[in-house]
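So the chains spell out like this:
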Amino acid sequence: MKANTSVPVHEIIATRRSPRSFNETATISNDDLTAILEAARWAPSAFNGQPWRFFVGKRGDEVFGQIMTSLGDFNKSWAKNSSALILVAGKTVKDDGAIYADYQFDCGLAVAQLVIETHHRGLIAHQMTGFDKDKARANVAMAAELVPVVVVAIGKQDAPEKLSGPLLEREQAKRERLPLSEIVIQGLPA
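Thresholds, definitions, all that
- Residues numbered from 1 in each chain as written.
- Predicted model: local features only at pLDDT ≥ 70, side-chain atom pairs only at ≥ 80, totals over all residues.
- Heavy atoms only, no water.
- Helix = DSSP H or I, 4+ residues; strand = E, 2+ residues; numbered from the N terminus.
- Rg over C-alpha atoms; globule rule 2.2 N^0.38 Å.
- Buried < 20%, exposed > 50% of the residue type's maximum accessible area, 1.4 Å probe, protein only.
- Areas by Shrake-Rupley, 256 points an atom, 1.4 Å probe, with all protein chains shown as cover.
- Pairing = 2+ DSSP bridges.
- Axes fitted to C-alpha atoms, helices over the stretch in contact; angles between N-to-C directions.
- Contact = heavy atoms within 4.5 Å.
- 1 Å grid on protein atoms, 1.4 Å probe; cavity = no way out; pocket = protein on both sides within 12 Å on 5 of 7 lines; lining within 4 Å.
- Points joined across faces, edges and corners; volume = space filled by probe spheres on them.
- Nonpolar A, V, L, I, M, F, W, Y, C, P; charged D, E, K, R; others polar.
- Patch = residues over 30% accessible without salt bridge, like charges linked within 9 Å, V, L, I, M, F, W, Y side chains within 5 Å.
- Salt bridge = Lys/Arg side-chain N within 4 Å of Asp/Glu carboxyl O.
- Phe/Tyr/Trp six-rings, centres within 6.5 Å; stacked < 30°, edge-to-face > 60°.
- Lys NZ or Arg CZ within 6 Å of the ring centre and 35° of its normal.
- Polar contact = N/O pair within 3.5 Å; in protein donor to acceptor, adjacent residues only side chain to side chain.

Visitor: I would appreciate a short explanation of the overall build of the chain in the present structure.
Guide: Across its full length, the chain holds 8 helices and 4 strands. Reading the secondary structure of the chain in the N-to-C direction produces α-α-β-α-α-β-α-β-α-β-α-α. Computed over C-alpha atoms, the radius of gyration of the chain comes to 17 Å, within 12% of the 16 Å expected from 2.2 N^0.38 for 190 residues, which places it in the range of a compact globule. The dimensions of the chain, computed from C-alpha atoms along their principal axes, are 45 × 45 × 30 Å. Relative to its full complement of 190 residues, the chain shows a buried share of 38%. Per element, the accessible surface of the chain, about 10,800 Å² overall, is 54% carbon and sulfur.

Visitor: Could you clarify how one ought to interpret the sheet that holds strand S3 (residues 124-128) in this entry?
Guide: The strands making up a sheet associate through hydrogen bonds between their backbones, and the pairing can be parallel or antiparallel. Spatially, the 4 strands line up as an open sheet ordered S1-S2-S4-S3, and their pairing is antiparallel. Of all the strands in the sheet, just strand S1 (52-58) and S3 have a single pairing partner and so form its edges. When the angles between neighbouring strand axes are averaged without regard to direction, this sheet yields 25 degrees. In this sheet, strand S4 (residues 146-155) lies alongside S3 in antiparallel orientation, the contact comprising 5 bridges. Residue pairing for S4: Ile 124 is matched across the bridge by Gly 155. The strands touched by helix H2 (residues 30-41) are S1, strand S2 (84-91) and S4; relative to S1, the strand with the most contacts, the crossing angle is about 165 degrees. Along the sheet, helix H5 (residues 103-120) makes contact with S1, S2, S3 and S4, crossing S4 at roughly 10 degrees.

Visitor: Explain the layout of surface pockets here, please?
Guide: One way to see where empty space is left: roll a probe the size of a water molecule over the atoms. Roughly 500 Å³ of volume is contained in the largest pocket. Taken together, 17 residues line the largest pocket, and the ones lying closest to its centre are Ala 3, Asn 4, Thr 5, Arg 177 and Leu 178. Taken together, the elements giving at least two residues each to the lining of the largest pocket come down to helix H1 (11-15) and helix H8 (180-183). For the lining of the largest pocket, the per-class residue count stands at 9 nonpolar, 3 polar and 5 charged. Space inside the second largest pocket adds up to approximately 260 Å³. Lining the second largest pocket are 15 residues, with Thr 15, Arg 16, Arg 17, His 119 and Gln 157 positioned closest to its centre. For the lining of the second largest pocket, the elements supplying multiple residues, two or more each, are H1, H5 and helix H7 (165-172). For the lining of the second largest pocket, a count of residues per class yields 7 nonpolar, 5 polar and 3 charged.

Visitor: Explanation requested: a nonpolar patch on the surface in the structure shown.
Guide: Taken together, the side chains of Val 7, Val 9, Ile 13 and Ile 116 define a hydrophobic patch exposed on the protein surface, amounting to about 320 Å² of accessible area. Relative to the helices and strands, Val 7 resides in the segment before H1.

Visitor: Got a minute to help me understand the packing of aromatic side chains in this structure?
Guide: When we look at a pair of aromatic rings, we describe it by the centre distance and by the angle of the planes. Here the structure, examined in full by the defined rule, presents 1 aromatic pair. Lying over the aromatic face of Tyr 100, Lys 94 brings its terminal NZ or CZ to 5.6 Å of the ring centre.

Visitor: What is the right way to read the side chain of Ser 82 from this model?
Guide: Along the chain, the position of Ser 82 falls in the loop between helix H4 (73-79) and S2. Polar contacts involving the side chain of Ser 82 include one to the main-chain carbonyl oxygen of Ala 79, which spans 2.7 Å. A polar contact of 3.4 Å, which involves the side chain of Ser 82, links it to the backbone oxygen of Ala 84. Excluding anything up to four places from it in sequence, Ser 82 contacts Phe 22, Arg 59, Phe 64, Ala 153 and Ile 154.

Visitor: So what exactly am I meant to see when it comes to the pattern of salt bridges here?
Guide: Oppositely charged side chains may form a pair once their charged atoms are brought near each other. Applying the stated criterion to the full structure yields 7 salt bridges. Salt bridges sharing partners connect three or more residues here, namely Glu 24, Asp 158 and Lys 162.

Visitor: Hey, could you run me through the environment of Ala 84 in this one?
Guide: Examined against the element boundaries, Ala 84 turns out to sit in strand S2. A relative accessible area of 0% places Ala 84 in the buried class. In contact with Ala 84, not counting residues within four places along its chain, are Ile 28, Leu 33, Gly 57, Lys 58, Phe 64, Val 152, Ala 153 and Ile 154.

Below, the structure is given as structure tokens:
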């Protein structure tokens, strides 16, 4: 379903969703996964600090299981069917020892590009903050200078009807955003 935008935007942005119905038999190729991570690598970052770090697991491997066990029960119920899970962490201290105050913003930019490349490749991505950060850190033996930020599930979309209850309701909900008039405080073109 295409977003009802006030003016035309890129097709990927207009059609992108964060579905939860993943095809549990679909796999992701190393080429696709590498391209998705490469898109994230080239995201803009303050002073080119590139604070993002990625822990990548494909369904069935050890890292996938480590990330999966850190998810909240609601997210576990559907994310288990994704082809890959990516735990994104950020460096909170710059190489010169200064605090990296904007690491979450920069990680968000990397995830945005990761998501767009994922959808460009005919796959879907769903970002999650519903996970136990301490457990994720311990499970993947994350270095002390990193902080878990988000987990992204990637895979092939499946039929929404494979879900039920609140999952199905969310999957079929109308895609909505606040109008520009509510989020642009000053300078909205007339």
